[in-house]
Amino acid sequence: MTVTHSCPGPRRRPPLPDLVVPLAGALVVLAGAAGLVPALAAVAFAVAGGCALACVRLARLAGAPPAGAEPDRLLAAEPAPGTDGGGSPPTGRRARAPSRRGVATLDAAVLAAGLTVAVLPLTDSPHRPPVALVGLAVTAPLYAVALLRLPGHSWRTAAERLRRAVETVGLGVSLLFAAWMLLPPGPVPPTAGTACIAGATGVAALLVTALADRRRRPGAARCLAGAAATLTGLALLVVLLAYGAPDRASLAVAPPLLAGALLTVAGARRHAAGERPRPDGFPAALPVLTAPAGIAALAAGHHLWTVGEFDTPAIALGLGIIPPMVLREVLAAADQRRCADRLAAREARLRALAGDQRATVGPPAELADRGGLLRGLARREGGALLVVDLVGADDGPAVDQPVLGEVARRLRAGCGPDDLVARLTDAEFAVLTDVGPVVAYALAGRLLTALTEPYAGTGGVTRIRVSVGLAETTGGDPEDVLRQADLARRRAVQLGRDRVEWYDAYLEEQLVRRLDLERELPGAVARGELDLVYQPVLALADRQPVGIEALLRWRSPVLGTVLPDELVPVAADLDLLGELGRWVLDRACRQLADWSDGGRELWMAVNVTPRELAAPDFVARAAAALAAYGVSPERLVVEVAEPAVVAELPTMVARLAGLRSLGVRTALDDFRAEHASLAQLRRLPIDLLKVGSHLVGPAPDGQLPLIAVVASLGDRLGLEVVVEGLESDAQVAEARGAGCRYGQGFALARPATAERVEAWFEEFGAAPR
């Protein structure tokens, strides 16, 4: 049983320019308000400065590798320790990085907004309204394209999409009504009317989406809020210019435009950094329901105070706010009715099941239903909720009714007198307790032990497997608490059952990420989304390249760059390893052939999983790929990880021997230098031994370093030793001093695309080896 917790990282100070530029802009705007500088020039200076800073930040972000991806340059800055030799970050936290095109489009949108304001002082007064309108017309589509390219969009049902559209219409009509009320009496200039309609529609859509995404995608929500602020400022600018307002009135557009640019770059940074979802905040429905009515009421009150009467368009817009609000309430009522029907049907099934159990196992324990559990959660402000899932042994048939009756009895016996035991589905129970998290975890462990004990019955002994999810109640929304405990239960199922898992926000992010990966991975090969990067292997004596390792990357347009540590387990569960492995082998052999034409006789290593290697046709596929591109077999190296080889040793020995019979070289990766590993080493038909940099380091007094022992063993067995994951020159020197011939890692060369590796080769003038 394991418990996982997440903790936020340290908060960093904002860079100095991020503080200086807004402060300078505010001072210039104040100077314009005081008449020290022309107002329009002050606005142009303040907004242009903020947009220039944002553009520089976004340009750097667009040029940097996505979060979780390896740098494209071999000499980029070294990442934090803990990465693998292939440039993979620690597997704990994954980021949904925005695509470079998406960030570049955000950069273009901010640039368009800044240029719109910057050119106004240089433009004649009659031409300023159309110039500002053109700027609005260019900025809005650029923002739309960029925001749609941000990864992490969740799939929505038709009902959810309809409800989102109704919310957008309601907020948009209220904003348009407010803008109409604030316009001066009389005819409305066409440019002002266009800006009001476009601005209200765009801002409403952006704000509704930002509210919906503020917990799950807080970085994207900031980008959306920044876009809304920018469009608000541009629309206001168009209206002021169209009505010929005094230049000093244009100072009002500086705050939203400056805030919009800085929010956009802050959101893009946060999204690229892979920020975790936030569980706090008010419900998204609250501002969506109250904002349209509040905006309309304030605008109408202001109009009555200043003008005293409503014209026909104003009345029509005011009445137009009502239908979306009513329709949204109807949709919400329909959702609640469907939920109530489902709960009633489930309760009826459970009551019928309870009646069956009375006939078979006697009076049931005191089995509450879901409704009773939710009411109990609503009454309690502390404690914990356990969700218990049952399946037959070896994930076999469903648990039968007599066993379920005994499960209920054991649950009731293991809980305290004040604990609430509920039955959620046929084989899913819940326990609501008032105790704190540590005691609740101990309770979950006791229940797990009790429920996994054998069950005696007329048909013999029955065993079941149990998964327990645990979440703190902390006075939260009952449905949210139940959902969190159920997510923890799913995690326990994923990790093999017969365990207890805690809920935390990172757990939810992992589960959502897993679902996204399972949805997007099928078809990735056909869509051309897979890619290989290459990391050179160098001779430690002269640091000349002798080989290359091919590393798989999935360039998903939705999820960003996905590394093998995350990709391979999902592919295994979806039975896609064979498809991915064939693509990797074919692409590696093709690249090897291209480099052969250039006179570079280096070997290429590809990683395979035991499942791929165990396939009966793997040796034949390797031979076919080599023949298709005319590659010499000895230039291909097939790597398989040592821990996985031990589990299927006879099969692995046969496949490795088959590859060596072709002339293909074989390598044992992740060699652990343990007693069992050393004993198995003589049985494996391998040519290269790859060990991690953790073996490189000082040894106790009077003992040889582990890396020296492994190097000596390799010499006796006729194996070449490659030390991977070398992060510093000191490690390189120690590996060489221990007698290792080859090395790989960031201290020597980083993974890069084929084109960059070729350019790197030119610097060294790699000779045939």
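Residues numbered from 1 in each chain as written. Predicted model: local features only at pLDDT ≥ 70, side-chain atom pairs only at ≥ 80, totals over all residues. Heavy atoms only, no water.

A.B. asks: Even after reading the chapter, I still don't get the nonpolar core, so can you show me in this structure?
C.D. replies: If you look at soluble globular proteins, the nonpolar side chains tend to sit buried side by side. Core analysis: the biggest nonpolar cluster contains 78 residues, and Tyr534, Trp554, Met604, Val606 and Val691 have the highest contact counts within it. Tallying contributions element by element places helix H18 (residues 577-597) first for this core, with 10 residues. Not counting residues within four places of it along the chain, the set of residues in contact with Met604 comprises Tyr534, Ile548, Ala550, Ala588, Gln591, Leu592, Trp595, Arg635, Leu636 and Val637. In terms of nonpolar packing, the next biggest core, distinct from the first, is built from 67 residues, Leu106, Ala146, Phe177 and Val239 among them. (Core = buried A, V, L, I, M, F, W, Y, C linked by side-chain atoms within 4.5 Å. Buried < 20%, exposed > 50% of the residue type's maximum accessible area, 1.4 Å probe, protein only. Helix = DSSP H or I, 4+ residues; strand = E, 2+ residues; numbered from the N terminus. Contact = heavy atoms within 4.5 Å.)

A.B. asks: Please explain the environment of Ser174 as it appears in this structure.
C.D. replies: Assignment of secondary structure puts Ser174 in helix H5 (residues 158-182). Overall, the relative accessible area of 0% leaves Ser174 in the buried class. Remark: the alpha-carbon pair of Ser174 and Ala291, spanning 117 residues in sequence, is separated by 8.4 Å. Beyond its immediate sequence surroundings of up to four residues, Ser174 is in contact with Pro292, Ile295 and Ile321.

A.B. asks: Would you explain helix H4 (residues 128-149) in this entry?
C.D. replies: Note that an α-helix has 3.6 residues per turn; residues three or four places apart therefore point the same way. Taking 1.5 Å as the rise per residue, H4 with 22 residues should run 32 Å; its terminal C-alpha atoms sit 32 Å apart, in good agreement. Taken together, the buried positions of H4 are Arg128, Pro129, Ala132, Gly135, Leu136, Thr139, Tyr143, Ala146 and Leu147. Viewed end-on, H4 has its buried residues packed into an arc of 120 degrees, placing them on one side of the element. Opposite its buried face, H4 presents the exposed residues Val134, Ala137 and Leu148, each directed more than 90 degrees away. Tucked inside the fold, the buried residues of H4 contact helix H2 (39-63), helix H3 (100-118), helix H6 (190-213), helix H7 (218-242) and helix H8 (254-272). (Expected span 1.5 Å × (residues − 1). Arc of directions from axis to C-beta.)

A.B. asks: Whenever I open this one, a negative patch on the surface confuses me. Can you help?
C.D. replies: On the surface, a cluster of negative charge is made up of Asp594, Asp597, Glu755 and Glu758. Contributing elements (two or more residues each) for the negative patch: H18 and helix H26 (754-764). Classification of Glu758 as partly exposed rests on a relative accessible area of 32%. (Patch = residues over 30% accessible without salt bridge, like charges linked within 9 Å, V, L, I, M, F, W, Y side chains within 5 Å. Areas by Shrake-Rupley, 256 points an atom, 1.4 Å probe, with all protein chains shown as cover. Salt bridge = Lys/Arg side-chain N within 4 Å of Asp/Glu carboxyl O. Lys, Arg positive; Asp, Glu negative; His and termini not counted. Charge placed at Lys NZ, Arg CZ, Asp CG, Glu CD.)

A.B. asks: What is the right way to look at the packing of aromatic side chains in this model?
C.D. replies: In this description, an aromatic ring pair is defined by two values, namely the gap between the centres and the angle between the planes. One pass over the structure, following the stated rule, counts 3 aromatic pairs. On the numbers, 5.3 Å between centres and 70 degrees between planes, the contact of Tyr534 with Trp595 is edge-to-face. Of this pair, Tyr534 sits in strand S8 (residues 530-539) while Trp595 sits in helix H18, placing them 61 residues apart in sequence. Where Trp595 meets Phe761, the ring centres are 5.7 Å apart and the plane angle is 75 degrees; that geometry is what we call edge-to-face. A residue pair is termed long-range when its members are at least 10 positions apart, and Trp595 in helix H18 and Phe761 in helix H26 qualify at 166 residues. Three or more aromatic residues link up through ring pairs in this structure, and these residues are Tyr534, Trp595, Trp760 and Phe761. In this structure, Arg410 is placed above the aromatic ring of Tyr455, and the distance from its NZ or CZ to the ring centre is 3.7 Å. Over the ring of Phe746 we find Arg750, and its NZ or CZ is 4.3 Å from the ring centre. (Phe/Tyr/Trp six-rings, centres within 6.5 Å; stacked < 30°, edge-to-face > 60°. Lys NZ or Arg CZ within 6 Å of the ring centre and 35° of its normal.)

A.B. asks: Just checking my understanding: could you explain the pairing of strand S15 (residues 720-724) for this structure?
C.D. replies: One face of the sheet, then the other: side chains in a regular strand alternate in exactly this way. Across the 5 residues of S15, 4 count as buried, placing the element largely inside the fold. Note that strand S14 (residues 688-692) and S15 share 5 bridges and pair parallel. Bridge pairing in S15 links Val691 to Val723. Handedness of the crossover joining S15 and strand S16 (residues 742-743) through helix H25 (residues 729-737) is recorded here as right-handed. (Pairing = 2+ DSSP bridges. Right-handed = clockwise from strand over helix to strand, strands pointing away.)

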